[in-house]
There are 2 protein chains.
Amino acid sequence: MELLKERIRRDGRVRAGGVLKVDGFLNHQMDVELFAEIGNEFRRRFSGDEVTKILTIEASGIGIACLTALAFHVPAVFAKKTQTKNIDADVYRTQVESFTHGKTYDIIVSKEYLRPNDRVLLIDDFLANGKALEGLARLVKDAGAVLVGAGIVIEKGFQPGGERLRREGIHLESLAIIDSMDEKTGEIRFR
Amino acid sequence: MELLKERIRRDGRVRAGGVLKVDGFLNHQMDVELFAEIGNEFRRRFSGDEVTKILTIEASGIGIACLTALAFHVPAVFAKKTQTKNIDADVYRTQVESFTHGKTYDIIVSKEYLRPNDRVLLIDDFLANGKALEGLARLVKDAGAVLVGAGIVIEKGFQPGGERLRREGIHLESLAIIDSMDEKTGEIRFR
């Protein structure tokens with residue numbers, strides 16, 4: 001998606017350790033008009049898939065998921081992160097390992113909002129190691145729903161998540177895939 | 001806002017301890033078409049205020065804030081909750097007490113995204129004790145920006161936040177104000 005790549009080139013900042021800061025338009029301050037374009041692009045890429053629900057994870061995926069849901073005319077659901085371990089029969093629950101924060105947390109979705117007849121599109125802002133997306137995919141599977149695919153705004157192509165998910169047969173659409181970044185020059189190379 | 005009140009009557013569930021569950025359309029599963037109507041309603045109520053930015057707090061405010069920002073054609077920013085206490089010169093920071101979770105947490109916003117020339121509208125899904133909204137208002141003040149007002153989807157009129165904020169002179173618009181709820185009959189009375 002050219003509009004997005006231009007925006008990343010203009011406003012993204014490369015930091016040490018493979019970090020790309022895009023919090024001016026994507027995940028702290030949010031350019032919602034760009035999000036609407038992103039939603040339309042996901043709608044185009046997953047047209048014909050009869051998506052009934054958008055699923056994301058709090059917090060930075062929520063805005064993009066909402067504008068994508070608007071393009072599909074379906075509800076969005078966000079999985080909640082939780083550190084409580086209590087057994088709750090009303091939720092689907094799985095564990096996600098976070099490389100960024102170096103810890104493990106549970107994510108939950110109410111069973112009311114993921115149904116066996118749902119056709120679910122996962123949406124997230126970033127894909128790096130793919131652990132969050134795999135967790136969401138497990139929740140969909142636990143619900144007996146159909147996983148239509150996953151729409152990602154920025155994929156770090158130099159990290160293993162994207163390749164692994166594609167190998168598992170998940171229809172993955174990333175609007176910008178970064179092959180390399182140079183923290184000295186700030187140069188970003190897209191696939 | 002009649003459409004919203006009808007929805008609360010239909011899908012809201014009253015629980016013990018003054019809890020209203022609206023997670024089927026507001027803060028877990030999200031009816032984004034309703035959010036678009038809510039955004040338009042806030043746009044109508046704060047027209048002429050020259051809003052330049054929508055500010056909310058993660059996580060459940062984000063979807064409503066995004067659709068409101070779309071109606072205003074301005075960016076949305078969400079304050080991040082954090083438990084780390086490290087001094088960071090790049091952020092505005094304040095402490096918020098949570099009655100629901102019985103603990104205190106910090107919220108932060110990058111100084112880049114709240115500027116002295118901003119005219120800020122706060123958006124949140126619920127108003128009860130008002131601590132989160134007051135925290136957001138302090139961040140706006142710290143930035144030297146103008147606080148235009150606050151748009152709330154559901155105000156619990158039987159809790160003290162709304163009255164206190166109005167007394168402080170904040171232009172507060174709540175789309176549904178609940179005066180009482182009966183957990184036995186499920187009846188909800190709006191102001």
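This text goes with the structure placed above it.
The next subject is the relation of the copies chain A and chain B. The pair of chain copies shares a relation made of a rotation about an axis and a shift along it. Superposing chain A onto chain B requires a rotation of 180° together with a translation of 0.0 Å along the rotation axis, leaving an RMSD of 0.0 Å. Given the turn and translation reported, the copies of this chain are related as if by a two-fold rotation axis.

Below, the discussion takes up the interface of chain A and chain B. Between chain A and chain B, the residue contacts involve 32 residues of the former and 32 residues of the latter. Counting each side, the surface lost to burial between chain A and chain B is near 2,800 Å², with a carbon and sulfur contribution of 63%. Together, A:H28, A:M30 and A:Y113 form the three largest contributors to the area buried by chain A at its contact with chain B, with a combined 25%. B:R13 is the salt-bridge partner of A:E112, the closest N and O atoms lying 3.7 Å from each other. Going through the elements one at a time, β3 (29–30), α2 (32–45), α3 (62–72), β5 (76–82) and β7 (103–110) of chain A are the ones with two or more residues in the side of chain A that touches chain B.

Burial within strand β5 (residues 76–82) of chain B is extensive, with five of its seven residues counted as buried. With two bridges joining them, β3(A) and β5(B) adopt antiparallel strand pairing. By the bridge assignment, A:M30 is partnered in β5(B) with B:A76. Note: strand β4 (residues 53–57) of chain B against β5(B), four bridges, orientation parallel. Note on β5(B): the bridge partner recorded for B:I57 is B:A79. For the handedness criterion, the β-α-β arrangement of β4(B), helix α3 (residues 62–72) of chain B and β5(B) is classed as right-handed. Bridging between β5(B) and strand β7 (residues 103–110) of chain B involves three bridges; their strand directions are antiparallel. Within β7(B), the residue paired with B:T82 across the bridge is B:D106.

A separate point is the nonpolar core. A:L4, A:I38, A:I54, B:L4, B:I38 and B:I54 are the most contacted members of the largest nonpolar core, which has 78 residues in total. Ignoring any residue separated from it by four or fewer positions in sequence, one finds A:I54 in contact with A:A65, A:T68, A:A69, A:F72, A:V74, A:P75, A:A76, A:V77, A:L121 and A:I123.

What follows deals with the side chain of A:H28. If you trace the backbone, A:H28 turns up in the loop between β2 (19–21) and β3. Given the relative accessible area of 4%, A:H28 is considered buried. In this structure the side chain of A:H28 is engaged in a polar contact, spanning 3.0 Å, whose partner is the backbone oxygen of B:F78. For A:H28, the side chain forms a polar contact with the main-chain nitrogen of B:S110, separated by 3.0 Å. With near-sequence residues (within four places) excluded, A:H28 lies in contact with A:D23, B:A76, B:V77, B:F78, B:K80, B:I108, B:V109, B:S110 and B:Y113.

The rules we used
- Residues numbered from 1 in each chain as written.
- Chains lettered and ligands numbered in written order.
- Predicted model: local features only at pLDDT ≥ 70, side-chain atom pairs only at ≥ 80, totals over all residues.
- Heavy atoms only, no water.
- Least-squares fit on C-alpha atoms with pLDDT ≥ 70 in both.
- Contact = heavy atoms within 4.5 Å.
- Buried area = accessible area lost by both parts, 1.4 Å probe.
- Salt bridge = Lys/Arg side-chain N within 4 Å of Asp/Glu carboxyl O.
- Helix = DSSP H or I, 4+ residues; strand = E, 2+ residues; numbered from the N terminus.
- Buried < 20%, exposed > 50% of the residue type's maximum accessible area, 1.4 Å probe, protein only.
- Pairing = 2+ DSSP bridges.
- Right-handed = clockwise from strand over helix to strand, strands pointing away.
- Core = buried A, V, L, I, M, F, W, Y, C linked by side-chain atoms within 4.5 Å.
- Polar contact = N/O pair within 3.5 Å; in protein donor to acceptor, adjacent residues only side chain to side chain.

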